[in-house]
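# What the coordinates show
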Amino acid sequence: MHLNIVNHDEEQCSVLRHQRAHNDPVALNYTFAQVVTAGSHASQQLKNLQSRCLVPGWYATHLERWLTNYPPSQLYIVDGQELRNNPAAAMDSVQKFLGVTPHFNYTQALKFEESKGFWCQVADNGKTKCLGKSKGRKYPDMEPSTRSYLVDFYRENNIELSKLLNRLGQPLPTWLREELQNSSRS
């Protein structure tokens, strides 16, 4: 089993983007900041969307639930930043953990495509085959006040995640190390 832990707020809620793409009126009528900071006065539909955006980021809670069914030795955590920056090395580590033999050589199967800004598959003809237009898009930077809200919102859960990963002997993902370092400076 493997769990990919990435910084959830980085993509500004894929659920919200999905709902907007399907013309959901609640998603269309609120900004990302309005969704995540909605208070108790918000409509039930807005609170439901907020929950769908925020709850997936409670990684410690979700990981604890996995650990009720699987021993830690069956858990492998992939650092999402490593997967994004060096997918061949990340996938090599996954293969080693799973005991896959022979190893698939991802360094020959992937190439960084400058025009897309991410890694793409190398096709049999040597050209790259990238994901569709909707993948790998750049999103606007998050408003500082929204980021601050999310840092506060996730702080306790991120501390719990750090303790849990340390207890399991797992390395902290890059985003979590950075988040905890920034929190301790504040």
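Basis of the calculations
Residues numbered from 1 in each chain as written. Predicted model: local features only at pLDDT ≥ 70, side-chain atom pairs only at ≥ 80, totals over all residues. Heavy atoms only, no water. Helix = DSSP H or I, 4+ residues; strand = E, 2+ residues; numbered from the N terminus. Buried < 20%, exposed > 50% of the residue type's maximum accessible area, 1.4 Å probe, protein only. Contact = heavy atoms within 4.5 Å. Areas by Shrake-Rupley, 256 points an atom, 1.4 Å probe, with all protein chains shown as cover. Pairing = 2+ DSSP bridges. Salt bridge = Lys/Arg side-chain N within 4 Å of Asp/Glu carboxyl O. Disulfide = S-S within 2.5 Å. Axes fitted to C-alpha atoms, helices over the stretch in contact; angles between N-to-C directions. Parallel < 35°, antiparallel > 145°, perpendicular 65-115°, else oblique. Nonpolar A, V, L, I, M, F, W, Y, C, P; charged D, E, K, R; others polar.

We now examine the overall build of the protein chain. Helix and strand counts for the protein chain stand at ten helices and five strands. When each of the 186 residues of the protein chain is scored for burial, the buried share is 32%. Of all intrachain contacts in the protein chain linking residues separated by at least 6 positions in sequence, the fraction that spans at least 24 positions is 50%. For the protein chain, the accessible area works out to roughly 11,800 Å², and carbon and sulfur atoms hold 51% of it.

Before going further, it helps to examine the pairing of strand S3 (residues 110–113). Successive side chains on a regular strand alternate, one facing one side of the sheet and the next facing the other. As judged from the four bridges shared by S3 and strand S4 (residues 118–122), these two strands associate in the antiparallel manner. Looking at the pairing, Lys-111 lines up with Cys-120 of S4. What sits between the antiparallel neighbours S3 and S4 is a turn of four residues, in which Gly-117 has the positive phi angle 85°.

Bringing the pattern of salt bridges into the picture now. For the structure shown, the criterion picks out four salt bridges. A salt bridge links Arg-167 to Glu-64, with the nearest nitrogen and oxygen atoms 3.5 Å apart. On the criterion of sequence distance, the pair formed by Arg-167 in helix H9 (residues 144–168) and Glu-64 in helix H5 (residues 59–67) is long-range, its members being 103 residues apart. When its relative accessible area of 59% is taken as the criterion, Arg-167 is described as exposed. The class of Glu-64 is partly exposed, set by a relative accessible area of 37%. Residue Lys-96 is joined to Asp-92 by a salt bridge in which the shortest nitrogen-to-oxygen separation is 3.2 Å.

Glancing now at the state of the cysteines. Enumeration according to the criterion identifies one disulfide in this entry. The side chain of Cys-120 participates in a disulfide bridge whose partner is Cys-130; the two sulfur atoms lie 1.9 Å from each other. Its torsion about the S-S bond being 100°, the disulfide of Cys-120 and Cys-130 is classed as right-handed. Placement of the pair is Cys-120 in strand S4 and Cys-130 in the loop between strand S5 (128–129) and H9, with a sequence separation of ten residues. The exposure class of Cys-120 is buried, given its relative accessible area of 2%.

Next up on the list: the packing of H5 against H9. Put simply, H5 and H9 touch, their axes get as near as 8 Å, and they point 40° apart. Taken together, the axes of H5 and H9 lie oblique to each other. Judged by residue contacts, Tyr-59, Ala-60, Thr-61, Leu-63, Glu-64 and Leu-67 of H5 engage Asn-157, Glu-160, Leu-161, Leu-164, Leu-165, Arg-167 and Leu-168 from H9. Residues of the contact of H5 with H9, tallied by class, amount to eight nonpolar, two polar and three charged.

Moving on, we get to unusual backbone geometry. For the bond running from Thr-101 to Pro-102, omega is -5°, close enough to zero to count as cis. Following the sequence through the fold, Pro-102 ends up in the loop between helix H7 (87–98) and helix H8 (106–109). Even without a glycine there, the phi angle at Asn-23 is positive, about 55°. Assignment of secondary structure puts Asn-23 in the loop between helix H1 (14–21) and helix H2 (25–29). Residue classification places Asn-23 among the exposed positions, given a relative accessible area of 57%.

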